[in-house]
Amino acid sequence: MSERATDDLEGWLRSRTPERGLRGKSAAVLELLLSQPRRASYGSAGELAQLAGVNVATVTRTAQALGFAGWPALQQELRARYLSSLSAGQVAAEHDAEHRSTGAPGSPGSPGSPGSPGARSLRRDLDGLALLNRRLDERVLATIAEAVAAARRTTIVADGSYAAVGLALAHNARLAGYPVHAVTAGSELVNAMATVGEGDVLIAVSFWRLYENTVLAANEARARGARVFAVTDAASPALAAAAEEVVLVPAEGEAFFPSLTAGIAVAQALVTQLAAVDPARTGAAIEAAESMWTRFGLLHRHPAPPR
């Protein structure tokens, strides 16, 4: 199976199937995932078990056979991949259908009501942060922070809306005293990749849909001897193969675009971890930056309160 083929949902599922295959009731669960990805993406383990004619334990065992801790972990990535196959308008329609089926209270057009779009967006982000908190591997954060601290330089590739996550991560990492820069598409990315090599780190940031240039940059950096990490909601085989570690981030939004909330939280966590690697270095860097901000008139200081 080609790498491109395994980037689609069916190819991805089949690529995770054990060489001996899945048999009996687990095979029935797999076929349901393949034939009804939408229902699997939104249904509970109990609903999936009923559709497949099996018990919930079989759904859990099938998820584990595919390399996941259980059904929730598999469903998170399955849903991310399903939504990434849709257009922006189709994603919005999926969310509308979900709200109609659940009968969310409140008037959809009333800002601030329990069922308003804004309130639903906040709830979804809170759910995403809770999920991230439960599943985040602290060891991975430490590995990335230590790699950035030891690197000659770090390049963050983040395009489109995802650039916000990359720019925040790069800005605060530089304040912490490390040579980190974020780049997007076009000549800036090409020029950056021309100088990447051993001793460098590349962090690829991409949610919902993986930009081809992000995947190309990750693979090119890996081939040149750089250490590569990814922050994404559903790592494609092409990206995962290049990445030493992958931080999976819940990124489903409420409208037609992905949420960046959990991604920003990961960026904050990474910088916090980075600052703890060498506190003296970070402290000196912050002091130098504040001195320069004051010199350039960019930092306004309130007068000290009287004692």
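We now turn to the structure provided with this report. Position numbers for residues start from 1 in each chain and track the written sequence from start to end. This being a predicted model, a pLDDT of at least 70 is required before a residue's local features are given, and a value of 80 or more before pairs of side-chain atoms are given or counted; all residues contribute to the totals for chains, interfaces and linings. In computing side-chain values, all of the structure's heavy atoms are included and hydrogens and water are not.

1. A closer look at the packing of helix H8 (residues 117-135) against helix H14 (residues 261-277)
Part 1 of the argument: Direction vectors running N to C along H8 and H14 enclose 40 degrees, while the axes themselves pass 9 Å from each other. Judged by the angle between their axes, H8 and H14 are oblique. Regarding H8 and H14, the two cross each other, and that crossing is right-handed. Taking contact as the criterion, the partners of Asp-125, Leu-129 and Leu-132 in H8 are, on H14, Thr-261, Ala-262, Ala-265 and Val-266.
Part 2 of the argument: In this classification, Asp, Glu, Lys and Arg are treated as charged, Ala, Val, Leu, Ile, Met, Phe, Trp, Tyr, Cys and Pro as nonpolar, and every other residue, Gly included, as polar. Its residues placed into classes, the contact of H8 with H14 shows five nonpolar, one polar and one charged. Structural elements are reduced to axes, namely lines fitted to C-alpha atoms, with helices fitted over the stretch in contact, and the angle between N-to-C directions of any two is expressed from 0 to 180 degrees. Helical segments are the DSSP runs of H or I of at least four residues, strand segments are the runs of E of at least two, and each set is numbered from the N terminus. Any angle between 65 and 115 degrees counts as roughly perpendicular, while under 35 counts as roughly parallel, over 145 as roughly antiparallel, and the rest as oblique. Crossing handedness is defined as follows: a turn of the near helix away from the far one that is anticlockwise and smaller than a right angle gives a left-handed crossing, while the clockwise case is right-handed. Residues are treated as being in contact if the distance between any of their heavy atoms lies within 4.5 Å.

2. Comments concerning the sheet that holds strand S4 (residues 227-232)
Part 1 of the argument: The pairing criterion is simple: DSSP has to find at least two bridges between the two strands. Strand order in the open sheet formed by five strands is S2-S1-S3-S4-S5, with parallel pairing between adjacent strands. Edge positions in the sheet fall to strand S2 (180-183) and strand S5 (245-248), since each has one partner strand and no second. Mean inter-strand twist for the sheet, computed between neighbouring axes without regard to direction, equals 20 degrees.
Part 2 of the argument: Sheet analysis places strand S1 (residues 153-158) next to S2, joined by four bridges and oriented parallel. Following the sheet pairing, Thr-155 is matched in S2 by His-181.
Part 3 of the argument: Lying on the sheet, helix H10 (residues 163-175) is in contact with S1, S2 and strand S3 (200-206); it crosses S2 at an angle near 160 degrees.

3. Notes on the pattern of salt bridges
Part 1 of the argument: Between Lys or Arg on one side and Asp or Glu on the other, a salt bridge is scored when a side-chain nitrogen of the former is within 4 Å of a carboxyl oxygen of the latter. Within this structure, the stated rule accounts for seven salt bridges.
Part 2 of the argument: When the shortest N-O distance is used, the salt bridge between Arg-152 and Asp-200 registers 2.6 Å. Here Asp-200 lies in strand S3 and Arg-152 lies in the loop between helix H9 (138-150) and S1, a separation of 48 residues in the sequence.
Part 3 of the argument: Here Arg-153 makes a salt bridge to Asp-200, at a shortest N to O gap of 3.4 Å. Here the residue Arg-153 occupies a position in strand S1, and Asp-200 occupies one in strand S3, the gap between them amounting to 47 residues.
Part 4 of the argument: Residue burial is assigned from relative accessible area. The probe radius is 1.4 Å, only protein chains are included, and a residue is buried under 20% of its type maximum, exposed over 50%, and partly exposed in between. For Asp-200, a relative accessible area of 3% translates into the label buried.
Part 5 of the argument: By sharing partners, the salt bridges in this structure join Asp-137, Arg-139 and Glu-245 into a single network.

4. Side note on helix H11 (residues 187-194)
Part 1 of the argument: Those residues of H11 that sit buried are Leu-189, Ala-192 and Met-193. Projection of H11 onto a plane perpendicular to its axis shows the buried side chains occupying an angular sector of 95 degrees, all on one side. Of the residues in H11, the exposed ones pointing more than 90 degrees away from the buried face are Ser-187, Val-190, Asn-191 and Ala-194.
Part 2 of the argument: Considering only its buried residues, H11 is in contact with S1, S2, S3 and helix H12 (212-223). Each C-beta atom gives one direction from the helix axis, and the arc is the one those directions make.

5. Looking at the packing of aromatic side chains
Part 1 of the argument: For Phe, Tyr and Trp, rings pair up if their centres lie within 6.5 Å, where Trp contributes its six-membered ring, and each pair is then called stacked (planes under 30 degrees apart), edge-to-face (over 60) or tilted (otherwise). According to the stated counting rule, one finds three aromatic pairs in the structure shown.
Part 2 of the argument: Here Tyr-162 and Phe-207 contribute two aromatic rings whose centre-to-centre distance is 5.7 Å and whose plane-to-plane angle is 70 degrees, an arrangement assigned as edge-to-face. Here Phe-207 lies in the loop between S3 and H12 and Tyr-162 lies in the loop between S1 and H10, a separation of 45 residues in the sequence.
Part 3 of the argument: Accessibility expressed as a relative area gives 4% for Tyr-162, which makes it buried.
Part 4 of the argument: Ring geometry for Tyr-162 versus Tyr-211: centroids 5.7 Å apart, planes at 50 degrees, classification tilted. Residue Tyr-162 is found in the loop between S1 and H10, and its partner Tyr-211 is found in the loop between S3 and H12; the two are separated by 49 residues along the sequence.
Part 5 of the argument: The exposure class assigned to Tyr-211 is partly exposed, which follows from its relative accessible area of 33%.
Part 6 of the argument: Among the aromatic side chains, those forming a connected cluster through ring pairs are Tyr-162, Phe-207 and Tyr-211.

6. Some words on H9
Part 1 of the argument: One less than the number of residues in a helix, times 1.5 Å, gives the span that helix is expected to have. With 13 residues, H9 extends 18 Å from end C-alpha to end C-alpha; this agrees with the ideal 18 Å at 1.5 Å per step.
Part 2 of the argument: Turning to H9, its buried residues are Val-140, Leu-141, Ala-142, Thr-143, Ile-144, Ala-145, Ala-147, Val-148 and Ala-149.
Part 3 of the argument: In protein, a polar contact requires one atom able to donate a hydrogen and another able to accept it; more generally it is a pair of N or O atoms within 3.5 Å, and residues adjacent in sequence count only if both atoms are side-chain atoms. The opening residue of H9 is Asp-137, an N-cap whose side-chain oxygen sits 2.9 Å from the backbone nitrogen of Arg-139.

Everything listed here is a matter of coordinates, which is why it stays silent on function.
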